[in-house]
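Descriptive analysis of the structure
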Amino acid sequence: MAKTGKIQIKAFGIERYDEMRAVWENAGLSCKPKGRDSKKEISKQIEASPDLFIGAFDGEKMIGVCIATDDGRRGWINRLAVLPEYRGKGAAKKIVTACEKSLRKRGRKIFCAQIEGKNEKSLALFAAAGYKVHNDIIYVTKRESNEI
Ligand SMILES: CC(C)(COP(=O)(O)OP(=O)(O)OC[C@H]1O[C@@H](n2cnc3c(N)ncnc32)[C@H](O)[C@@H]1OP(=O)(O)O)[C@@H](O)C(=O)NCCC(=O)NCCS
């Protein structure tokens with residue numbers, strides 16, 4: 001496990017794009033590099049919502065990340081990941097709290113996340129953060145392409 005200083009939670013800009021991708025990759029989280037997670041798309045998203053791209057930092061090093069989204073009705077927690085060597089220190093919980101704070105400022109009062117498969121760590125984290133599991137909801141999508 002990494003020896004850390006104080007973990008700082010803050011919004012980040014497009015200059016951190018490669019680091020963000022590296023955190024996802026090292027955390028084993030898949031993304032859509034040719035679609036909504038491409039540098040071009042993320043750049044547009046950050047420009048539109050600079051308050052919703054939240055990272056956790058050990059000094060200058062990004063060790064955790066999340067993209068929150070605001071659909072005007074609900075706030076969503078997306079692409080949350082923490083580097084393996086920094087887990088179990090409360091970083092994800094702090095990131096989620098910061099995302100909720102930004103979303104609350106925008107008037108959102110419902111916070112949600114989609115958890116793929118049987119992701120016990122993620123389920124445990126969201127339970128610890130006060131989220132309720134809905135076993136009666138089925139996620140459906142219609143996609144123009146599998147890469148977006
Ligand atoms: C899920 C993930 C983000 C958690 O990050 P983390 O920084 O280790 O989580 P935290 O330290 O903030 O944990 C917060 C709480 O979640 C629970 N939790 C987290 N990891 C856990 C684990 N491995 N086992 C049991 N409980 C766990 C605990 O209740 C913990 O609170 P506590 O330490 O006060 O008991 C991290 O494991 C990860 O990056 N996983 C791979 C990517 C992923 O699956 N992302 C989620 C997509 S929906």
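Note: the structure precedes this text.
What comes next is a walk through the structure. Everything numeric in this text was worked out from a predicted model, so none of it was measured.

Quick word on unusual backbone geometry
- Located in the positive-phi region is R79, a residue other than glycine, with phi close to 50°.
- Mapped onto the elements of the fold, R79 is located in strand β4 (residues 75-82).

Structural notes on the side chain of E100
- Mapped onto the elements of the fold, E100 is located in helix α3 (residues 91-105).
- No salt bridge is formed by the buried E100; its nearest oppositely charged neighbour, R104, is found at 4.0 Å.
- Leaving out residues up to four positions away in the same chain, E100 has contacts with F111 and Y131.

Some words on helix α1 (residues 17-27)
- Every buried residue belonging to α1 is among Y17, M20, V23 and W24, and all of these are buried. Projected down its long axis, α1 shows its buried positions confined to an angular sector of 125°, all on one face. In this structure, α1 carries D18, E25 and N26 as exposed residues pointing more than 90 degrees from its buried face.
- Phi turns positive one or two residues past the end of α1, at G28, with a value near 80°.

What to know about the nonpolar core
- One finds F12, M20, I77, L80 and I95 to be the most contacted residues of the largest nonpolar core, which totals 37 residues.
- Elements supplying a minimum of two residues to this core: α1, α2 (39-48), β2 (53-58), β3 (61-70), β4, α3 and α4 (120-128).
- With seven residues, α3 is the largest single contributor of residues to this core.
- With near-sequence residues (within four places) excluded, I77 lies in contact with C66, I67, V96, C99, L103, C112, A113, F126 and Y131.

Regarding the packing of aromatic side chains
- Summed over all chains, the structure comprises two aromatic pairs.
- Relative to F53, the ring of F12 has its centre 6.1 Å away and its plane inclined at 85°; by these criteria the two rings are edge-to-face. Of this pair, F12 sits in the loop between β1 (7-11) and α1 while F53 sits in strand β2, and the two are 41 residues apart along the sequence.
- The class of F12 is buried, set by a relative accessible area of 6%.
- Take F53: its relative accessible area is 2%, and that puts it in the buried class.
- Centre to centre, the rings of F126 and Y131 are 5.1 Å apart; their planes meet at 70°, and the pair counts as edge-to-face. Y131 shares its class with F126; the two are buried.
- It is K10 that lies over the ring of F57; its NZ or CZ is 4.9 Å from the centre.
- Over the ring of W24 we find R79; its NZ or CZ atom is 5.8 Å from the centre of that ring.

Each value, and the rule that gives it
In this convention, every chain numbers its residues from 1, walking through the sequence in written order. Owing to the predicted nature of the model, reporting of local features is limited to residues with pLDDT of at least 70; listing and counting of side-chain atom pairs is limited to 80 or more, with chain, interface and lining totals taken over all residues. To obtain the side-chain values, all non-hydrogen atoms of the structure were included, while hydrogens and water were left out. Strands here mean DSSP runs of E at least two residues long; helices mean DSSP runs of H or I at least four residues long; both are numbered from the N terminus. Each residue is assigned to one of three classes by its accessible area relative to the maximum for its type, calculated with a 1.4 Å probe on protein chains only: buried under 20%, partly exposed between the two thresholds, exposed over 50%. Charge counting follows a simple rule: Lys and Arg are positive, Asp and Glu are negative, and His as well as the terminal groups are ignored. The rule for a salt bridge is simple: a side-chain nitrogen of Lys or Arg has to be within 4 Å of a carboxyl oxygen of Asp or Glu. By definition, residues are in contact when any of their heavy atoms lie within 4.5 Å. To obtain the arc, one takes the directions from the helix axis to the C-beta atoms. Working definition of a nonpolar core: buried Ala, Val, Leu, Ile, Met, Phe, Trp, Tyr and Cys residues. They are joined through side-chain atoms within 4.5 Å. Each Phe, Tyr or Trp ring, with Trp reduced to its six-membered ring, pairs with another whose centre is within 6.5 Å; inter-plane angles below 30 degrees give stacked pairs, above 60 give edge-to-face pairs, and intermediate values give tilted ones. By the criterion adopted, a ring carries a charge over it if an Arg CZ or a Lys NZ lies within 6 Å of its centre and within 35 degrees of its normal.

What is shown is where atoms sit, not what they do.
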